[in-house]
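# Architecture at a glance
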Amino acid sequence: LAQVVHHRYPLGRRRARPHSRSMAQPEAGRRKRENGSEEGPASELGVGRALKALRSDVSVASAAWPPMSPPPPDDFDILLPKQPPASPASALFRPSVEQSTKYVVVSGGVCSSLGKGVTTSSIGALLRGHGFRVTAIKLDPYLNIDAGLMSPYEHGEVYVLDDGGETDLDLGNYERMMFLSLQRDNNLTTGKIYDAVIKKERRGDYLGKTVQVIPHITGGITEWVNRVAQIPVDGSTLRPQICMIELGGTVGDIESMPFIEALRQLKFSLPENSLAWCHCSYVPDMSGQKTKPTQHSVKALLALGLQPDLVVCRSAEPLGFETRKKIANQCNIPAARILGAHDVKNLFHVPRVLADQHVVGLLNGILQLNNLDVTPARFMSRDIVFRSLNDWTDFAKKVDLAEESHEVVIAFVGKYNKGGGDAYQSVIASLHHAAVAIQRKLKMVWIDATDLERQPAGMDDPEAAERVLQAEARLRSAHGIFVPGGFGDRGVEGKARAAGLAREWRKPYFGVCLGMQVAIIQFARDVLGMADATSEEFDKHGASKNHVIMYMPEISKETMGANMRLGARWVEFNEPAKSLGAGLYGGADRIMERHRHRYEFNVAYKQKFEAMGLVFSGQDERKERMDVIELKTSDHPFYLAVQFHPEYKSRPGMPSPPFLGFVSAAGNPEGVAETVASCRRKGPSTHWTPLDL
């Protein structure tokens, strides 16, 4: 040290001494100072100033300073090596996680229905547009094992996946926006995780431990998320790089606490820059945009040990600068990370809204995404239709143009209409995709199926009679009639009447699942003369002798949950060159679509129906189950019904073929032949005719 000081800051005639001196040298120096050969106070003052200057001089940072002691180990087990060994069951509730996966968690506060699903899907779509392989997981706090037995009035539609999983409707948003094919495990509920942990306990996997919410339930959630995040869902065989996680419910709910704690633990099980937390909140406009709800929502998250990295603020109008600044100040988040999500004309504008606020750049700064490989996986990958931001922007503009075009009016004869659009979300999306494809404005005429039911003989209710007449008038005014699926006998007679009237009026008709079954029932009554024709589902007392729809023999009657013909199944066309349905699928001789039903057509009546003109054009691989019925175009401009649910595989820019044909026929009944010919020229799509490996 002295050598460096005297070299850079010499004091008088004093020469720099070697850094290493003998024991006699300090004594010699003391005698020289006593004899007055050096100026003691001045020298000490000069040396002090020199040392101070040296400490502030970055240019000598490489000087020969003594080495620092190494930091102590951060692992408590190393500091205390004599601790007893960990239990072999530790891995069951403290699992190791894949270190290279990046996570984006989306939570919600203030209130429900903020659009967490749309936010998750839009961010995932943008990340996919940058070349990353993306997957998605929905965490639902309810105790149901899955959504299969939940009421459409309370929970919206049940979305069915390829593997037969009955899941939350948000998984439909993920598949449509990110072009994925998810699995049942991509929807994790409290019921699923408790069921898995209790089964482990019964097997003795915990070795006598007291099974608790922490660490066993939270560890089970972490293990589940880590496992599912590694499963390819884009059609390739490569592991996803980024996993989008949507936390259902609202922060602060009791039932969501284990999930929040599990995600907190997951964050600290991962390396730095591996998990980003995006919190959705609501900014009401009451004489100005108010930030208090958002402040309290973020504080609730902070109280649980989590600091959000991004805050997405839902509002009617664009988020003001002062509002953004105030939220940033009160929530301890940089203002650039406060994103606005205001109301837009259609949800396809949302990716652009978020992209304009640099959401991917912000996530790159948090997650270091630039270190990931973005080499596309070409083989078996669903890199089709939309990928870039420009694709979404162009489609959003196309939707806006369609909204300004002529209307195509569809009479929607449902039984869950009072549940709002969520009860039929995928069906509405499919109709919308088809309308945009033909550049027509979709107008839905909602008709409750019960309003079409005639009064029983002997009853005279003027109000009921008037309600039926009004419903029939609305049905006749529509360009096309659509009958969706459903369960139970309520409204079934009204749906059957709608199918019959569409046949009589030669009005384009399309039925899905129950919509096909009621079309068969009404055809049997009107054409075959079977007045008592019905389904076994609706004839609990066995009054009918003509069950044209029967219970599937292999389905158990003891259990209801997940006890149906579920998931993707092959449908084969007998004569694809002549079939209306096959033509809409590009002339394919077989397709793969998703099913969800317990009842099927009774093949004992097949010859009678065919003799009277009803065509069973699509069947399963064994030719035992009828999946597609239609009338010849010479007898009816467009009459088609399917047992499967084509709405689950419809995508923006890639509408489901039956829906496209139906909406096109409703908009232009004379152009059905040209629509089918156009589809045949394009040929089959691998989305509906995947490689049979």
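Residues numbered from 1 in each chain as written. Predicted model: local features only at pLDDT ≥ 70, side-chain atom pairs only at ≥ 80, totals over all residues. Heavy atoms only, no water.

## Re the packing of aromatic side chains
How two aromatic rings sit relative to each other is set out by the distance from centre to centre and by the angle between their planes. Under the definition given, this model contains 24 aromatic pairs. Aromatic side chains Y551 and Y599 sit 5.0 Å apart centroid to centroid with 85° between the ring planes, which places their arrangement in the edge-to-face category. Of the two residues, Y551 is situated in strand β15 (residues 547–551) and Y599 in strand β18 (residues 599–601); the sequence distance between them amounts to 48 residues. In terms of burial, Y551 and Y599 fall into one category: buried. (Phe/Tyr/Trp six-rings, centres within 6.5 Å; stacked < 30°, edge-to-face > 60°. Helix = DSSP H or I, 4+ residues; strand = E, 2+ residues; numbered from the N terminus. Buried < 20%, exposed > 50% of the residue type's maximum accessible area, 1.4 Å probe, protein only.)

## Overview of helix α8 (residues 170–178)
Within α8, nine of the nine residues are buried, which leaves it mostly tucked inside the rest of the structure. Every buried residue of α8 is listed here: D170, L171, G172, N173, Y174, E175, R176, M177 and M178.

## Observations regarding unusual backbone geometry
A cis amide bond links I214 with the next residue in sequence, P215, at an omega value of 20°. Tracing the chain through its elements places P215 in helix α10 (residues 213–228). At C513, a position not held by glycine, the phi torsion is positive, near 60°. Within the fold, C513 resides in the loop between β13 (509–512) and α20 (514–526).

## As for the sheet that holds strand β7 (residues 275–282)
Spatially, β5-β2-β6-β1-β7-β8-β9 is the arrangement adopted by the seven strands of the open sheet, whose pairing is parallel. Looking at strand neighbours, the two that pair on one side only are β5 (187–189) and β9 (338–342), the edges of this open sheet. The mean angle between the axes of side-by-side strands here comes to 20°, regardless of whether they run parallel or antiparallel. When strand β1 (residues 102–108) meets β7, the two strands line up parallel, connected through six bridges. Bridge pairing in β7 places Y103 opposite L275. With respect to the sheet, helix α9 (residues 190–203) is in contact with β2 (134–140) and β5, its orientation differing from that of β5 by roughly 70°. Each of β1, β2, β5 and β6 (242–247) is contacted by α10, which is oriented at about 155° to β2, the strand it contacts most. (Pairing = 2+ DSSP bridges. Axes fitted to C-alpha atoms, helices over the stretch in contact; angles between N-to-C directions. Contact = heavy atoms within 4.5 Å.)

## Examining the packing of helix α6 (residues 116–129) against helix α15 (residues 359–367)
One can describe the packing of α6 onto α15 by two numbers: an axis separation of 10 Å at closest approach and a directional angle of 80°. Between α6 and α15, the interaxial angle falls into the category roughly perpendicular. Contact with α6, carried on its side by I123, L126 and L127, involves V359, V360 and L363 of α15 and no other residues of that element. Its residues placed into classes, the contact of α6 with α15 shows six nonpolar, no polar and no charged. (Parallel < 35°, antiparallel > 145°, perpendicular 65-115°, else oblique. Nonpolar A, V, L, I, M, F, W, Y, C, P; charged D, E, K, R; others polar.)

## Considering the sheet that holds strand β16 (residues 565–573)
The strand order across the open sheet built from nine strands is β11-β10-β12-β13-β21-β20-β19-β16-β17, with neighbouring strands paired in mixed fashion. Of all strands in the sheet, those with a lone pairing partner are β11 (441–448) and β17 (590–597), marking the two edges. When strand polarity is set aside, the average angle formed by the axes of neighbouring strands in this sheet is 25°. Inspection of the sheet shows strand β20 (residues 626–630) paired to strand β21 (residues 639–642) by three bridges, in the antiparallel sense. By the bridge assignment for β21, E630 is matched with L640.

## Remarks on the nonpolar core
Membership of the largest hydrophobic core comes to 51 residues, with the highest contact counts inside it found for L431, F482, F510, F638, F659 and F662. Here this core gets six residues from one element, more than from any other, and that element is helix α23 (residues 657–667). Among residues more than four places away in sequence, those in contact with L431 are F412, L442, M444, F659, F662 and V663. Residues I447, L475, Y599 and F609 belong to the second largest nonpolar core, which totals 46 residues. (Core = buried A, V, L, I, M, F, W, Y, C linked by side-chain atoms within 4.5 Å.)

## Some points on the side chain of T120
Mapped onto the secondary structure, T120 falls in helix α6. Setting aside anything within four residues of it in sequence, one finds T120 in contact with V106, Y174, M178, M244 and E246.

## What about the environment of P658?
With respect to the helices, strands and loops of the structure, P658 is situated in helix α23. Along the primary structure P658 and L640 are separated by 18 residues, whereas in three dimensions their C-alpha atoms are 8.1 Å apart. Discounting residues that sit within four places of it in the chain, P658 has contacts with F510, L584, Y585, F638, L640 and P646.

## A closer look at the confidence of the model for the protein
Considering every residue of the protein, the mean pLDDT works out to 86; 84% of them sit at 70 or more. Low pLDDT, under 50, characterises residues 12–26; the stretch is placed with nine contacts to residues that sit more than four places away or in other chains. Within the model, the stretch residues 28–34 combines pLDDT values under 50 with four contacts to residues more than four positions away or in other chains. (pLDDT = per-residue confidence, 0-100.)

## Focus on the environment of E621
Tracing the backbone shows E621 in the loop between β19 (615–619) and β20. Assessed through its relative accessible area of 46%, E621 is described here as partly exposed. Along the chain, E621 and R590 lie 31 residues apart, while their C-alpha atoms are 9.2 Å from each other. Once residues within four sequence positions are removed from consideration, E621 is found in contact with W570, E572 and R590. A polar contact is formed between the side chain of E621 and the side chain of R590, at a distance of 3.2 Å. (Polar contact = N/O pair within 3.5 Å; in protein donor to acceptor, adjacent residues only side chain to side chain.)

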